[in-house]
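# Notes for the structure review
Single-letter residue listing:
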Amino acid sequence: MITEEKKEVIKATIPVLEAHGTEITSTFYQNMFKAHPELLNIFNQTNQKIGDQPKALAMTVLAAAKHIDNLDAIVPHVVGIAHKHRALEIRPEHYPIVGKHLLEGIQEVLGDQATPEIIDAWGDYYNQIAQVFIDVEQDMYQAAAWDGFKPFIVRKKEVMTPDIVRFTVDSDDVDKIFTAGQYITVKVNPSGYPYEALRHYSICSNDAEDGITFAVKREVVDDNKGVVSNYLHDGIEEGDALFLSAPAGDFKVEEDHDKLLFIAGGVGATPVMAMAEEAVSKGKDVKFVYSTFNEDHLPFKDQFEKLQAAGADIQVKYSDTEGYLNSSDFAGSDDREIYLCGSMRFMTPMIAELNGMGIDDSRIHFEPFGPKMSMQKV
Ligand code: HEM
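From a predicted model like this one, the values you see are computed outputs, not experimental measurements.

The domain architecture assigned to the chain consists of domain 1 (4-143), domain 2 (150-248) and domain 3 (259-375). The centre of domain 1, based on its C-alpha atoms, is set 33 Å off from the matching centre of domain 3.

In this section: the environment of Val316. Locating Val316 in the fold gives a position in strand β11 (residues 313-318). The spacing of Val316 and Ser291 is 25 residues in sequence and 5.9 Å in space, taken between C-alpha atoms. Setting aside anything within four residues of it in sequence, one finds Val316 in contact with Tyr290, Thr292 and Leu298.

Moving on, we come to helix α9 (residues 269-281). The first and last C-alpha atoms of α9 sit 18 Å apart over 13 residues, in line with the 18 Å expected at 1.5 Å per residue. Extensive coverage of α9 is indicated by the burial of 11 of its 13 residues. Residues of α9 that are buried: Ala269, Thr270, Pro271, Val272, Met273, Ala274, Met275, Ala276, Glu277, Ala279 and Val280. Once α9 finishes, Gly283 follows within two positions and takes phi at roughly 80 degrees, a positive value.

The share of residues in the chain with pLDDT of 70 or more is 95%, and the mean pLDDT across the chain is 91. Contacts from residues 373-378, a stretch scored under 50 in pLDDT, to residues over four places away or in other chains number 19 contacts. For this predicted complex, the interface score ipTM comes out at 0.98, alongside a pTM of 0.92.

The UniProt feature table records "domain: FAD-binding FR-type" (unreviewed entry) at residues 147-254. Split by type, residues 147-254 is 8% helix and 44% strand. Its first and last C-alpha atoms lie 27 Å apart.

A separate point is unusual backbone geometry. Phi is positive for Glu89, which is not a glycine, with a value near 65 degrees. The backbone of Phe300 sits at a positive phi, close to 55 degrees, despite the residue not being glycine.

Our next topic: the nonpolar core. Phe214, Phe262, Ile263, Val272, Met275, Ala276 and Leu340 are the most contacted members of the largest nonpolar core, which totals 62 residues. Considering each element in turn, this core owes the most residues, 8 residues, to α9. Inspection of this core shows a minimum of three residues originating in each of domain 2 (150-248) and domain 3 (259-375). The contact partners of Phe262, leaving out residues within four places of it in the chain, are Val272, Met275, Ala276, Val286, Phe288 and Tyr339.

Here strand β1 (residues 150-159) runs beside strand β8 (residues 241-248); their pairing, made up of 4 bridges, is antiparallel. Looking at β8, one finds that Lys150 is bridged to Leu244. Pairing between β1 and strand β2 (residues 164-170): 6 bridges, direction antiparallel. Residue pairing for β2: Val159 is matched across the bridge by Val165. The hairpin formed by β1 and β2 contains 4 residues between the paired strands.

Glancing now at the sheet that holds β2. Pairing in this open sheet of 6 strands is antiparallel, and the strands run β4-β3-β8-β1-β2-β5 from one edge to the other. Strands at the two margins of the open sheet, each flanked by one partner only, are β4 (197-202) and β5 (212-217). Put simply, the sheet's adjacent strands are angled 40 degrees from each other on average, direction ignored. Along the sheet, helix α8 (residues 227-235) makes contact with β2, β3 (183-188), β4 and β5, crossing β5 at roughly 115 degrees.

The rules we used
Residues numbered from 1 in each chain as written. Predicted model: local features only at pLDDT ≥ 70, side-chain atom pairs only at ≥ 80, totals over all residues. Domains from an automatic or database assignment. Helix = DSSP H or I, 4+ residues; strand = E, 2+ residues; numbered from the N terminus. Contact = placed C-beta atoms within 7 Å. Expected span 1.5 Å × (residues − 1). Buried ≥ 20, exposed ≤ 12 C-beta atoms within 10 Å, placed from the backbone. pLDDT = per-residue confidence, 0-100. UniProt positions renumbered as here; feature names shortened; annotations may be inferred. Core = buried A, V, L, I, M, F, W, Y, C linked by C-beta atoms within 7 Å. Pairing = 2+ DSSP bridges. Axes fitted to C-alpha atoms, helices over the stretch in contact; angles between N-to-C directions.

Written as structure tokens, this is what we have:
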């Protein structure tokens, strides 16, 4: 446990961290990858480039510093991150590597401002935070449906829109246990790419009769093709094997939420689709508002039809001709619990629209595609 004196030192560094947090974590990543290039097999290099990952870690460290007198306040955030760590096979022996390079990053960016006293206090505090993660993750490793990455055979590959493909994968060797809203993690080794690459994809149907289904959008950012999504679209066919780690994630419909509004944009429909299917099967009152570019870009047509036939109220809005979702699309939903999912660019204005309608954050449950802590209010 960190001493009271060291707690005061940590608290005093909050303004400096706020000013330099992202710079420190960016420096830390560069130095860590230089010393441990094997970690490039685990980290998503696209998230590194766009800066969301450095920002997410900075936000977490900052949250931990702000809540030093009551670390319990950050436990819900730790759980979400720990699910991702478990799915990526992050192990206790990785933590000292991150700790060493994080402290060196603080030293490098702050220079003389980072006194030995500050470095010492942060060293102790980092170890305390790391232990919280290690303990939570240990329980998750024990509860996981299977250990490590297991081979699955691609049973179906269905092109749903010009840029979204749905895969159904199966294995006789594992129990395909998951809860609606969870994701699987795929490990691939695309030709021409020097590392292994890991990506999380939400399970997109609650029905696992033929295997686990997940949908992949072909990613192209500034003319750069997403390494994994393009490989899955172009290089993986029915009959091929894919390595998956066990389902993870804490995005789910709470048992006592009976009137629900699901909001999704684009491929963000994936976890919400499974959650809506589960909710309908439990007799819950489901409304689903979905935004996509036009009818050609409408995925999951078969699943939407089944949901509607089962009593769900489905509203699709085409941004090409009808514009983006706004508060008028959510009218009459004041008594519903809201679950939403999409890109970071989609989520932020949606949450603002809902807040503008007087809907409190406590009723808005969301899963962004990307590091959640980079948009978290702490
Ligand atoms: C993801 C924090 C330790 C590897 C994340 C995220 C956060 C975070 C906030 C983003 C989660 C999200 O996507 O919502 C932390 C903190 C740590 C820690 C506070 C220490 C106390 C580690 C260690 C490793 C690691 C020891 C392994 C060397 C990763 C990887 C991701 C991740 C690979 C996914 C990021 C990506 O590929 O984009 N972590 N982490 N983390 N973390 Fe950690």
